[in-house]
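Summary of structural features
Okay, here's what each chain looks like letter by letter:
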Amino acid sequence: MEKLLLATTLLCTLHLLSLVQAHPVDETLLRKLGFIDLTQYGRTIFGEPDNSTGEILAKYNPEVDAGNPEELGSYLEGDILMPLGQARNGLSATSARWAGGVVPYEIRGSFDAFQMNLIEKALNEYHTRTCIRFVPRSNQQDYISIVNGNTGCWSSVGRIGGRQEVNFQTPGCMVKVGTVVHELMHALGFLHEQNRSERDGYVYVNWNNIKAGTENNFEKASSQTTDAFGVGYDYGSVMHYSANAFSKNGQPTLVAKYSGPRMGQRDGFSGGDIAKINQMYSCQRTYNGYTYGGYSAHYPYGRYTYSYGSYPSAYNNIYYGRR
Ligand SMILES: [Zn+2]
C-alpha cells in the first residue's frame, strides 16, 4: 500500500514536472510538494569532484587566510555540486526536501576525534534548534554520506535521490562547526544568502575585486524559483559569503550597505537561518517550553524581531553573544 502510494506520488510529480516545460509553473504548488527548482543554474550546477580544488584547499590556513574554505572551490558558487550522473540521466536540476525533515546519514570519511566532534556538534545544532533529524542510515534509499575526499568542501542542494555525498576535505573544511552546518544546509535545500534576488538592496558587489572567471558565483538567484520563507536579508547567516570571497586582490568583493553582523561567520546558525529551516520544513516544536516553529522573522537592519513566540536567553545567545 505504501509502495503504491509512493508510486502514485512519483507519477503525479513526474507529470507535474513534465508540465513545467509546456505551461507556466505554479511555483507555490511545486514548493508545497517539496520540490526545489534549481533550473536557473542550467548545467553549471552539475559536475564532478575536482582534485585541483583539493590542492588549493590543502594550502588553506584558517589562521592567516581570509574567508572560508568552502569559498575556495571551482564548483558552482564555490561549494555546490550536483553529480554529473544526474544530468546524464536527463533530469533537470531539481531536487526535493527530505520528507518529514528526516535525513538518514552515514559517515564514511576518516575523521579524527576533533573532526568527529565537529560533525556531532553540527548535528546537535540542528537537533536542538530545528525539527530536522539526522538519523544513522539503516536501509533508507535516500541518504547523505559524509566523506572527506581531497576535493574541497561541497554538497548538493536538497535531496537528489539515492546516496549523496557531502564532502569535507580534512583538515581544511573541518575547522569551524559553521562550515559543517553550512554544507548540511545546502543538503537540506538552501542556497547562499548573498545571492538572494533582493541582495543589491543590502550589499554592494565590488566586481572589480572579483577574481576573473568567478564572477558567476555572484549571480543573483531568481525570485521566481527561490523562497526566503518570509525571513529578511541576513548578513549573519551561516549561508552568507565572507566579505572577501573570491577576491583577486585581498580587497572586499562584498560590502554591506547597512551595519549588521559580520558577513561570512561560521560559528553557527543565525536566528534567520533557524527561522528559514523551520519554515521550509514546517517545524512546529517546543524548546524549553517555547514554541519556535511556524513563525516568520523580519530583519530590519540590526535586530531580529519575531512575529510571535519568545525565546529563552540561551537561544538569543546563539545570535548575539559568544562570537
Ligand atoms: Zn555554500
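Keep in mind the model is a prediction, meaning the values are calculated, not measured. (Residues numbered from 1 in each chain as written. Predicted model: local features only at pLDDT ≥ 70, side-chain atom pairs only at ≥ 80, totals over all residues. Heavy atoms only, no water.)

Glancing now at the coordination of the zinc ion. Only Asp79 (OD), Asp79 (OD), His182 (NE2), His186 (NE2) and His192 (NE2) from the protein coordinate the zinc ion, and they sit 2.0 to 2.4 Å from it. In primary sequence terms, the donor set of the zinc ion follows D-x102-H-x3-H-x5-H. Taken together, the residues span about one helical turn, with histidine 182 and histidine 186 both in helix 6 (residues 177–188) at a distance of four residues. By the burial criterion, histidine 182 is buried, and histidine 186 matches it. (Donors = N, O, S within 2.8 Å, 3.2 Å for Na, K, Ca; no water. Helix = DSSP H or I, 4+ residues; strand = E, 2+ residues; numbered from the N terminus. Buried < 20%, exposed > 50% of the residue type's maximum accessible area, 1.4 Å probe, protein only.)

Glancing now at the nonpolar core. The tendency in soluble globular proteins is for nonpolar side chains to be buried side by side. Counting residues in each nonpolar core, the largest one holds 38 residues, and the members touching the most others are Tyr126, Phe134 and Ile144. Mapped onto this core, the elements with two or more residues apiece are strand 5 (102–107), helix 5 (113–129), strand 7 (143–147), strand 9 (163–168), helix 6 and helix 7 (271–280). A per-element tally of this core places helix 6 first, with seven residues. Setting aside residues up to four positions removed in sequence, tyrosine 126 forms contacts with Ile132, Arg133, Phe134, Val181, Leu184, Met185, Leu188, Phe269 and Ile277. Counting residues in each nonpolar core, the second largest holds 13 residues, with Leu38, Phe46, Leu76 and Ala87 among its members. (Core = buried A, V, L, I, M, F, W, Y, C linked by side-chain atoms within 4.5 Å. Contact = heavy atoms within 4.5 Å.)

Tallied over the full model, the rule gives twelve salt bridges. Residue glutamate 71 pairs with arginine 266 through a salt bridge whose shortest N-O separation is 3.8 Å. Taken as a pair, glutamate 71 in the loop between helix 3 (51–58) and strand 3 (82–83) and arginine 266 in the loop between strand 11 (254–256) and helix 7 lie far apart in primary sequence, 195 residues in all. Take glutamate 71 and arginine 266: they sit in the same class, and that class is buried. Close ionic contact of aspartate 200 with arginine 199 constitutes a salt bridge, the shortest N to O distance being 2.7 Å. Residue aspartate 200 is classed as partly exposed on the basis of its relative accessible area of 33%. (Salt bridge = Lys/Arg side-chain N within 4 Å of Asp/Glu carboxyl O.)

The calculated volume of the second largest pocket comes to roughly 290 Å³. If you trace the second largest pocket, you find 16 residues lining it, with Ala66, Glu71, Leu72, Lys211 and Phe246 closest to the centre. Class assignment for the residues of the lining of the second largest pocket results in six nonpolar, seven polar and three charged. (1 Å grid on protein atoms, 1.4 Å probe; cavity = no way out; pocket = protein on both sides within 12 Å on 5 of 7 lines; lining within 4 Å. Points joined across faces, edges and corners; volume = space filled by probe spheres on them. Nonpolar A, V, L, I, M, F, W, Y, C, P; charged D, E, K, R; others polar.)

The end-to-end C-alpha distance of helix 5, which contains 17 residues, comes to 24 Å, matching closely the 24 Å that a straight helix rising 1.5 Å per residue would cover. Where helix 5 starts, the residue carrying a side-chain oxygen 3.1 Å from the main-chain nitrogen of phenylalanine 114 turns out to be aspartate 112. (Expected span 1.5 Å × (residues − 1). Polar contact = N/O pair within 3.5 Å; in protein donor to acceptor, adjacent residues only side chain to side chain.)

Next up on the list: the environment of arginine 163. On the secondary structure map, arginine 163 appears in strand 9. Residue classification places arginine 163 among the partly exposed positions, given a relative accessible area of 38%. Between the alpha carbons of arginine 163 and glutamate 106 there is a distance of 9.6 Å; along the sequence they are 57 residues apart. With near-sequence residues (within four places) excluded, arginine 163 lies in contact with Glu106, Arg108, Gln141, Tyr143, Ser145 and Val147. A distance of 3.4 Å separates a polar atom in the side chain of arginine 163 from a polar atom in the side chain of glutamate 106. A distance of 2.9 Å separates polar atoms of two side chains, one belonging to arginine 163 and the other to glutamate 165.

Per the UniProt entry, the sites bearing "binding site: Zn(2+)" (unreviewed entry) are His182, His186 and His192 in this numbering. Residues contacting histidine 182, with those up to four places away along its chain left out, are Glu70, Asp79, His192, Val238, Met239 and Arg266. A relative accessible area of 0% places histidine 186 in the buried class. Those residues in contact with histidine 186 that sit more than four places away from it in its chain are Asp79, Ile80, Ser155, Ser156, Val157, Gly158, Leu191, His192 and Met239. (UniProt positions renumbered as here; feature names shortened; annotations may be inferred.)

Counted according to the given criterion, the structure contains two disulfides. Across a sulfur-sulfur distance of 1.9 Å, cysteine 131 and cysteine 283 are joined as a disulfide pair. Given an S-S torsion of about -70 degrees, the disulfide between cysteine 131 and cysteine 283 has left-handed geometry. With cysteine 131 in the loop between helix 5 and strand 6 (133–136) and cysteine 283 in the loop between helix 7 and strand 12 (286–287), this pair connects stretches of sequence that are 152 residues apart. Here cysteine 153 connects covalently by a disulfide to cysteine 173, the sulfurs 2.2 Å from one another. Measuring the twist about the S-S bond at about -90 degrees, one finds the cysteine 153-cysteine 173 disulfide to be left-handed. A residue pair is termed long-range when its members are at least 10 positions apart, and cysteine 153 in strand 8 (residues 153–155) and cysteine 173 in the loop between strand 9 and helix 6 qualify at 20 residues. Just as cysteine 153 is buried, cysteine 173 falls in that class too. (Disulfide = S-S within 2.5 Å.)

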